[in-house]
Amino acid sequence: DAGITQSPRYKITETGRQVTLMCHQTWSHSYMFWYRQDLGHGLRLIYYSAAADITDKGEVPDGYVVSRSKTENFPLTLESATRSQTSVYFCASSDRGLNSPLHFGNGTRLTVT
Amino acid sequence: AQRVTQPEKLLSVFKGAPVELKCNYSYSGSPELFWYVQYSRQRLQLLLRHISRESIKGFTADLNKGETSFHLKKPFAQEEDSAMYYCALIYNQGGKLIFGQGTELSVKP
């Protein structure tokens, strides 16, 4: 399912640095999502977007910023990375919203030292 | 508050045994529930959704509003069912999808 790609696959950064995780989809899906996956917490929604220029907070938005200037891209920025943001980040998209299947990327494993 | 709870982190069964992965939810509205699965080295993907009342790979899940549960069941587990399973709930008038903590299913030969 190569229609949604995340980059980088792995990233190590230092506390306080700004990091941007990229997400690109080729289906022109309206909806895009960012989740983080942590042991004991499962997947938690960070931000989502219903269309270009429309974004909304999820369960754990603090410390993250998103933008959606183009339908196909949905970057996630950690403005000042903290150790608690060490996680695996998943981007997902869907065409008709949450009632249609989410298509997930391969994930980005981020380590903040 | 909206919540999805999967009480078992790990469920281990033998091949051919019945499987039930538990999912309980907390939501005052009308729930839309899903099961997602992540096989080893593969992407997370939708397994089934309650509105479709479907059976996928032998799995079924029934929404029980009285018990606020959406347990995933399969009568005879196969080794290839070994994976991480996540229960998920839509809320906020369809605006948000939240996941449970996940249950790792291990099917032994």
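An account of the accompanying structure is given in this report. Within any chain, residue numbers begin from 1 and follow the written order of that chain's sequence. The lettering of chains begins at A and the numbering of ligands begins at 1, in the order of writing. At least 70 in pLDDT is required for a residue's local features to be given in this predicted model, at least 80 for side-chain atom pairs to be given and counted, and no such filter applies to totals for whole chains, interfaces and linings, which use all residues. Heavy atoms from the whole structure form the basis of all side-chain values; hydrogens and water molecules are not counted.

1. A look at the pattern of salt bridges
Should their charged atoms come close, side chains of opposite charge can pair. Salt bridges are defined as contacts in which a side-chain nitrogen from Lys or Arg sits within 4 Å of a carboxyl oxygen from Asp or Glu. Taken as a whole and assessed by the stated rule, the structure comprises six salt bridges over all chains. The salt bridge partner of A:E14 is A:R17, with a shortest N-O separation of 3.4 Å. Think of it in three bands: with a 1.4 Å probe and only protein chains considered, a residue is buried below 20% of the maximum accessible area for its type, exposed above 50%, and partly exposed in between. The exposure class assigned to A:R17 is partly exposed, which follows from its relative accessible area of 48%. Measuring nitrogen to oxygen at the nearest pair gives 2.8 Å for the salt bridge that ties B:D81 to B:K74.

2. A closer look at the sheet that holds strand 7 (residues 60-61) of chain B
Where strands meet in a sheet, backbone hydrogen bonds hold them as pairs that are either parallel or antiparallel. Residue and element names in this part refer to chain B. One bridge is not enough; two strands pair if DSSP finds at least two bridges between them. A run of H or I in DSSP counts as a helix once it spans at least four residues, and a run of E counts as a strand once it spans at least two, with each numbered from the N terminus. Across the sheet, which stays open at both edges, the three strands sit in the order 3-8-7 with antiparallel pairing between neighbours. Because the sheet does not close on itself, it has two edges, and the strands there are strand 3 (19-21) and strand 7. Of the pairings in the sheet, the one linking strand 3 to strand 8 (residues 72-74) comprises three bridges and is antiparallel in character. Within the sheet, the bridge partner assigned to V19 lies in strand 8 and is K74.

3. Here's the deal with the state of the cysteines
Disulfide: a covalent bond formed between the sulfur atoms of two cysteine residues. All names here are of chain A. Cysteine sulfur atoms that come within 2.5 Å of each other are treated as a disulfide pair. Considering all chains together, one arrives at two disulfides over all chains under this definition. The disulfide bridge from C23 ends at C91, spanning 1.8 Å between sulfur atoms. With the S-S dihedral at roughly -75°, the linkage between C23 and C91 falls on the left-handed side. Pair noted here: C23 is in strand 3 (residues 19-25) and C91 is in strand 9 (residues 87-94), with a separation of 68 residues, a long-range link. Across this residue pair, the class does not change: C23 and C91 are buried.

4. What about the sheet that holds strand 7 (residues 64-66) of chain A?
Residue and element names in this part refer to chain A. Here four strands make up an open sheet; going across it, the order is 1-3-8-7 and the pairing antiparallel. Of all the strands in the sheet, just strand 1 (4-7) and strand 7 have a single pairing partner and so form its edges. Here the average twist between neighbouring strands, direction ignored, is 15°. Axis lines are fitted through C-alpha atoms, for helices just across the contact stretch, and the angle between N-to-C directions can take any value from 0 to 180 degrees.

5. Some thoughts on unusual backbone geometry
Residue and element names in this part refer to chain A. In this structure, the amide linkage connecting S7 to the following residue, P8, adopts the cis form with an omega of -5°. Residue position: P8 is located in the loop between strand 1 and strand 2 (10-13). A positive phi angle is found at S28, which is not glycine, with a value near 65°. Positionally, S28 belongs in the loop between strand 3 and strand 4 (31-38). When its relative accessible area of 57% is taken as the criterion, S28 is described as exposed.

6. Topic: the packing of aromatic side chains
Within 6.5 Å between ring centres, the rings of Phe, Tyr and Trp (the latter by its six-membered ring) count as paired, and their orientation is classed by plane angle as stacked under 30 degrees, edge-to-face over 60, tilted in between. All told, the structure shown has 13 aromatic pairs over all chains when counted by the stated rule. With centroids separated by 6.4 Å and ring planes inclined at 80°, the aromatic side chains of A:F90 and A:F104 adopt a geometry described as edge-to-face. Residue A:F90 is located in strand 9, and its partner A:F104 is located in strand 10 (residues 103-104); the two are separated by 14 residues in the primary sequence. Note on accessibility: A:F90 and A:F104 belong to one class, buried. Centre to centre, the rings of A:F104 and B:F99 are 6.3 Å apart; their planes meet at 70°, and the pair counts as edge-to-face. Linking A:F104 in strand 10 with B:F99 in strand 10 (residues 96-99), this pair reaches from one chain into another. Judged by relative accessible area, which is 2%, A:F104 ranks as buried. Using a relative accessible area of 5% as the deciding quantity, one classes B:F99 as buried. Ring-over charges, as used throughout, are those where CZ of Arg or NZ of Lys falls within 6 Å of the ring centre and within 35 degrees of the ring normal. Positioned above the aromatic ring of A:F74 is the side chain of A:R68, whose terminal nitrogen or guanidinium carbon lies 6.0 Å from the ring centre.

7. Regarding the interface of chain B and chain A
Contacts are assigned to residue pairs that have any heavy atoms within 4.5 Å of one another. The interface of chain B with chain A comprises 20 residues on the first partner and 23 residues on the second. Inspection of the chain B/chain A interface yields zero salt bridges. Each polar contact in these results corresponds to two N or O atoms within 3.5 Å; when the atoms are within protein, one needs to be able to donate a hydrogen and the other to accept it, and residues that are neighboring in sequence are counted only if both atoms are side-chain atoms. There are seven residue pairs in polar contact (both at pLDDT 80 or more) connecting chain B and chain A. When contributions to the side of chain B that touches chain A are tallied by element, the ones reaching two or more residues are strand 5 (32-38), strand 6 (45-49), strand 9 (83-91) and strand 10 of chain B. In this count, Pro and Cys sit with the nonpolar residues alongside Ala, Val, Leu, Ile, Met, Phe, Trp and Tyr, while Asp, Glu, Lys and Arg are called charged and the others, Gly among them, polar. Here the residues of the side of chain B that touches chain A are counted per class, giving 10 nonpolar, six polar and four charged.

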